[in-house]
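Structural overview
The residues making up each chain are set out below.
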Amino acid sequence: MPKIVVFGATGYTGRLIARELVRRGTAPVLAARNAATVAKLAAEIGGAETAVADVADPASVRALLSRGDVLVTTVGPFLRYGGPALAAALDAGAHYFDSTGEGPFIRTVFDHDDAARRAGVALLSAFGFDYVPGNLAAGLALRQAPDAVRADIGYFVAGPGTSGGTRASIAGMLFESGFALRDGRIVPDRSSARTRTFDVAGRPRTGVSLPGSEHLALPRAYPRLREVDVYLGLPAVAARGLQLTSLLAGAAARVEPVRRLAEGVLSRVVKGSTGGPGPESRARTRSWMVADVSDAAGRVLASVTLTGGDPYDFTAAILAWGARTALDGGLRSAGALGPVDAFGLDTLGSGAADAGLTW
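A brief structural summary.

Parameters and conventions
Residues numbered from 1 in each chain as written. Predicted model: local features only at pLDDT ≥ 70, side-chain atom pairs only at ≥ 80, totals over all residues. Heavy atoms only, no water. Helix = DSSP H or I, 4+ residues; strand = E, 2+ residues; numbered from the N terminus. Buried < 20%, exposed > 50% of the residue type's maximum accessible area, 1.4 Å probe, protein only. Contact = heavy atoms within 4.5 Å. Phe/Tyr/Trp six-rings, centres within 6.5 Å; stacked < 30°, edge-to-face > 60°. Lys NZ or Arg CZ within 6 Å of the ring centre and 35° of its normal. Pairing = 2+ DSSP bridges. Polar contact = N/O pair within 3.5 Å; in protein donor to acceptor, adjacent residues only side chain to side chain. Axes fitted to C-alpha atoms, helices over the stretch in contact; angles between N-to-C directions. Parallel < 35°, antiparallel > 145°, perpendicular 65-115°, else oblique. Left-handed = near helix turned anticlockwise from the far one by under 90°. Nonpolar A, V, L, I, M, F, W, Y, C, P; charged D, E, K, R; others polar. Salt bridge = Lys/Arg side-chain N within 4 Å of Asp/Glu carboxyl O. Arc of directions from axis to C-beta.

Turning our eyes to something else, we now look at the environment of L210. Topologically, L210 is positioned in strand β11 (residues 203–210). Look at L210 and you get partly exposed, because its relative accessible area is 22%. Residues L210 and R194, spaced 16 residues apart in sequence, show a C-alpha to C-alpha distance of 8.7 Å. In this view, L210 contacts Y131, H215, V230, Y231 and L232; residues no more than four positions away in its chain are not counted.

The final tally for this structure, using the stated rule, is 9 aromatic pairs. Each ring, one from W321 and one from F343, has its centre 4.8 Å from the other, and the planes form 55°; the classification is tilted. Taken together, the residues W321 in helix α14 (residues 311–327) and F343 in helix α15 (residues 339–343) connect sequence positions 22 residues apart. Residue classification places F343 among the buried residues on the basis of a relative accessible area of 3%. An aromatic cluster of three or more residues is present, and its members are F97, F127, W321 and F343. If you follow R196 out to its NZ or CZ, it ends over the ring of F198, 4.6 Å from the centre.

Spatially, the 7 strands line up as an open sheet ordered β3-β2-β1-β4-β5-β6-β15, and their pairing is parallel. Because the sheet does not close on itself, it has two edges, and the strands there are β3 (49–52) and β15 (335–336). Sheet analysis places strand β2 (residues 29–32) next to β3, joined by 4 bridges and oriented parallel. In the sheet register, A32 faces β3, and the bridge partner there is V52.

Bringing the side chain of D295 into the picture now. Secondary-structure assignment places D295 in the loop between β13 (286–294) and β14 (300–308). On the accessibility criterion, D295 (14% relative accessible area) is buried. A polar contact is formed between the side chain of D295 and the backbone nitrogen of A297, at a distance of 3.0 Å. A polar contact is formed between the side chain of D295 and the side chain of R299, at a distance of 2.7 Å. In this structure D295 touches V149 and L301, once residues within four positions along its chain are discounted.

As a further point, take the packing of helix α8 (residues 132–144) against helix α16 (residues 345–354). Their axes nearest at 10 Å, the elements α8 and α16 cross at an angle of 135°. One way to sum up the angle between α8 and α16 is to call them oblique. Viewed along their axes, α8 and α16 form a crossing whose handedness is left-handed. For the pair α8 and α16, contact is made by V132, L136, G139, L140 and R143 and by L345, D346, L348, G349 and A352, respectively. When its residues are assigned to classes, the contact of α8 with α16 shows 6 nonpolar, 2 polar and 2 charged.

This brings us to the packing of helix α6 (residues 103–110) against helix α10 (residues 214–221). With their axes 10 Å apart at the nearest point, α6 and α10 run at an angle of 40° to one another. The angle between the axes of α6 and α10 places the two elements in the oblique class. Between α6, through I106, R107 and F110, and α10, the contact on the second element is made entirely by L216, A217 and R220. Class assignment for the residues of the contact of α6 with α10 results in 4 nonpolar, no polar and 2 charged.

For the coordinates displayed, the defined rule picks out 22 salt bridges. For R182, the salt bridge goes to D229, with nearest N and O atoms at 2.9 Å. On the criterion of sequence distance, the pair formed by R182 in strand β8 (residues 179–182) and D229 in strand β12 (residues 227–233) is long-range, its members being 47 residues apart. Here D229 falls in the buried class, since its relative accessible area comes to 1%. Three or more residues joined by partner-sharing salt bridges are found here, namely R150, D152, R182, D189, R194, R196, E227, D229 and D292.

For the rest of this paragraph, the subject is helix α2 (residues 35–44). What α2 keeps buried is the set V38, L41 and A42. Down the axis of α2, the sector holding all buried residues measures 100°, keeping them to one side. Structural note: α2 exposes A36, K40 and A43 on the side pointing more than 90 degrees away from its buried face. N-cap assignment for α2: the residue whose side-chain oxygen lies 3.0 Å from the backbone N of A36 is N34. G46 sits one or two residues past α2 and shows a positive phi near 100°.

Following this line, the structure appears as structure tokens:
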């Protein structure tokens, strides 16, 4: 029988997803590098089938899957370690979900659209806090203003804590090229190139630009869109600092020996498997996702704000919902998909509400 496999189950986000699946009555297969660690996790959540797999041995990842399965992978940084899981899902004929927030890797997944269609499977990259809420908020705003041609989406978190995996992903993206949607095409665009102010719960908040799944996914569901920008909320001083860091990293990336040296230092300093915020910290965290959609003259035609709690809790809940829905035959088509074209706006909205978002 088809099954859900959580690859990277013993990592911070993987553990949250495994617990959420069990809480929802689904029995996943838990896969990780260390047999003893994954067996301990299985016992902690009340029992589950386990498997050992390592991206250093792609055949072990492929052995996890059969046709019709659903793979949920949290093994990152994805630019460094994500390829074997994606390849395994395509080869096996399994649906694929990942938790990445790394824009260049998201683009890599979308580049496999034709292969996914031929295999009859769906690839859903960045199916977590990065970047399901923005896709949903923009879809709801575009329902109100279907003639809009531009979408600006901002993510804002109060009281955030970050996992080691998140910090490693951020470090890994410093030297990568970003992108944006311009005139209906994906074009190179330096991360942090722009800032924008959003109205967040009655207060102006600053966001700095970054590559997300919305650039790639939204035009498929809303072909009238010509421009899309995504922003991460930061204090103004931090936003300016990130812009400067991005400029320096971009210059370093053009000098290959300097880039290799810097990446090597970062990989040693920023470790991925170092845990994350505990339940008490996550319970205090609040989040807002804002989508403004505009006409060609820049006039905002509609704005939607979603509110939620902790990003990691949302990621676990929405991935568990998405994987279970896919296993039950709830996907609308095959290919590299965004959240809206994968499930439809109303079904996605129901899943996001179940995962803790309100609007």
